[in-house]
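Examination of the molecular architecture
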Amino acid sequence: MVSDTTLRQDVMAEVAKYKETVNQDPYRLNYHIMPPVGLLNDPNGFIQWKDSYHLFYQWMPFKTDHGAKFWGHYTSKDLVHWKHEEVALTPSEWFEKNGCYSGSAIEHDGKMYVFYTGNVKDDTGKRDSYQCLAVSHDGIHFDKKGPVIEVPEGYTPHFRDPKVWEQDGQFFMVIGAQTNDLKGAVALFTSKNLTDWDHVGILTGGGNGQLGEFGYMFECPDMFELGGKSILIFSPQGLTPEGMKYHNVYQAGYVCGQFDPMTGDYQHGEFEELDRGFDFYAPQTTLDQEGRRILMAWMSVPEQNEQQHPTIQYKWLHNMTIPRELKLVDGKVQQFPVKEIETLREGEAIQHTLMIQNEEIQLENMKGNSIELILEDIMIKKGFFYMAIGDAAKLVFSADEGVFTLERKSYVDGEIERRQCKLRELKAIRIFIDTSSVEVFLNKGEECFSSRFYPTHNEITVGGSDVKLELYKWRLKKIC
Ligand code: FRU
């Protein structure tokens, strides 16, 4: 085992060694959370604690690939400007030697409690998982208390990603799991003191109930109340594509229903993907002091051409989405960029009224690799509308078919690939473009597409058959 002190020194040396290389990357993002070096994946321990938001993340500092993960750490006062803090957790103990895997944070008695999965593999590759606790007085330094939960009967060691919350005077924990007959499941635990935990049973999944056959593993569950309903977010693995759904290697979505904290019973409806884009996984939420339910997600998908991203030659890989506020609208979870994101805007909006009649228009003044666009009052009765962002992404709406498409030039082979969803009408689009990412919000939160892309120019063109709309553009500050 390598000591905590040595691991921390090694991380600092690695960051210093590659700082310049990382910063030379033209695709380094301007306003998204990224690792200083190495690979970032899931958001962890997202919490507003005292006067700061804390976002921890899965971090492999020593290579642009997965491995024995650390918990990296960012803090922010406003969800927009983030400060990189010292490493929160290193995989220095026997119960986490192959990684401090994903988990969550909760405030208790004025302290921050974080729960995470200690991932352990023996020489033959056999896996063990421990749900571990670490406690902090200052939100920066953590005192590891070690394992509080071992894998109960009935599950394989694919048992991870504890998310903890308090409800009706009790603590609850959901864990992503796989049952012995290789079905994805969410396991439920309760506790009175955050240290002693009881296994209640399977909250949902396991090949039964509303979900039925639904893949072989659920990762990163998150349960919370929203608009009077109990929402369970999770990332299932092993679904096969169905129409326009489930085209990424793995999915991330939610079910909506009613959780009974007395019995642990959870009745819910169908699974819905949270985001229709190419790159969205392992979302995690927190309730902030304003009462907002805020979500951040990893803007990638495990094993989905991760090693082909061009940023690898600059020694870094992956980023988070922008923070989004969740609302329940007509039984559907909708996502809205947090209002603070508007502080990224530089100056006044540039505004255009666009009338498109079977033509393509190159928008003057619409260059830029760090911009926000709002398209409103869209009038399109029939035919189609499109917007090309540089040479690597295109949004297309077919009013005739009621289908919205995000096209992307693949960073693997240059071919055009597509993600789609049904959309009855297109009234508004809000787009956040960064040097190599795009996040599209349709009809003020109804649907959302998040993706990495690698354009070689940033001209914006629009076209369509018979379309009228109002367009607003802001240049966004580079703050990373
Ligand atoms: C999801 C995940 C989690 C795990 C972590 C390891 O992307 O596989 O299930 O805790 O990443 O980095």
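Residues numbered from 1 in each chain as written. Predicted model: local features only at pLDDT ≥ 70, side-chain atom pairs only at ≥ 80, totals over all residues. Heavy atoms only, no water.

1. Re the site of the ligand
This is how the line gets drawn: Being near a molecule or strand, for a residue, comes down to having at least one heavy atom within 4 Å of it. Between N or O atoms, a polar contact is any pair within 3.5 Å; within protein, one atom must be a potential hydrogen donor and the other a potential acceptor, and residues adjacent in sequence are included only when both atoms are from side chains. The Shrake-Rupley method, run with a 1.4 Å probe sphere, supplies the accessible areas, and residue values consider only the shown protein chains as cover. Comment: elements are numbered from the N terminus, with helices defined as DSSP H or I runs of at least four residues and strands as E runs of at least two. Note on residue classes: Ala, Val, Leu, Ile, Met, Phe, Trp, Tyr, Cys and Pro are nonpolar, Asp, Glu, Lys and Arg are charged, and everything else, Gly too, is polar.
Lining the immediate surroundings of the ligand are Asn41, Asp42, Gln58, Lys69, Tyr101, Ser102, Arg160, Asp161, Glu219, Tyr281 and Trp298. Within the side chain of glutamine 58, an N or O atom sits 2.6 Å from an oxygen atom of the ligand. Burial of the ligand by the protein amounts to 92% of the accessible area it has alone, namely 320 Å². Counting residues per element, the ones that place at least two in the shell around the ligand are strand 1 (38-49), strand 5 (100-108) and strand 9 (155-167). Residues of the shell around the ligand, tallied by class, amount to three nonpolar, three polar and five charged.

2. Details of the side chain of serine 102
Quick reminder of the rule: Residues are treated as being in contact if the distance between any of their heavy atoms lies within 4.5 Å.
Looking at the secondary structure, you find serine 102 in strand 5. A polar side-chain atom of serine 102 sits 2.7 Å from a polar atom in the side chain of aspartate 42. For serine 102, the side chain forms a polar contact with the side chain of asparagine 44, separated by 2.9 Å. Once residues within four sequence positions are removed from consideration, serine 102 is found in contact with Asp42, Asn44, Gln58, Trp71, Tyr116, Thr117, Asp161 and Pro162.

3. A word on the domain arrangement of the protein
Put simply, the rule is: Domain limits in this description derive from either an automatic procedure or a database domain assignment. Buried area is understood as the total, over both parts, of accessible area removed when two parts are fitted together, assessed with a 1.4 Å probe. Any Lys or Arg side-chain nitrogen found within 4 Å of a carboxyl oxygen on Asp or Glu counts as a salt bridge.
Here the domain parsing of the protein yields domain 1 (4-337) and domain 2 (346-476). The distance between the C-alpha centroids of domain 1 and domain 2 comes to 30 Å. The interface of domain 1 with domain 2 comprises 35 residues on the first partner and 36 residues on the second. Of all residues in domain 1, Met244, Arg276 and Phe278 bury the most surface against domain 2, accounting for 26% of the area lost on that side. Here domain 1 is connected to domain 2 by four salt bridges. Linking domain 1 with domain 2 are 31 residue pairs in polar contact (both at pLDDT 80 or more), by the criterion used here. No other element matches the five residues that strand 22 (residues 332-337) contributes to the side of domain 1 that touches domain 2. Along the lines of polarity and charge, the residues of the side of domain 1 that touches domain 2 split into 14 nonpolar, 15 polar and six charged.

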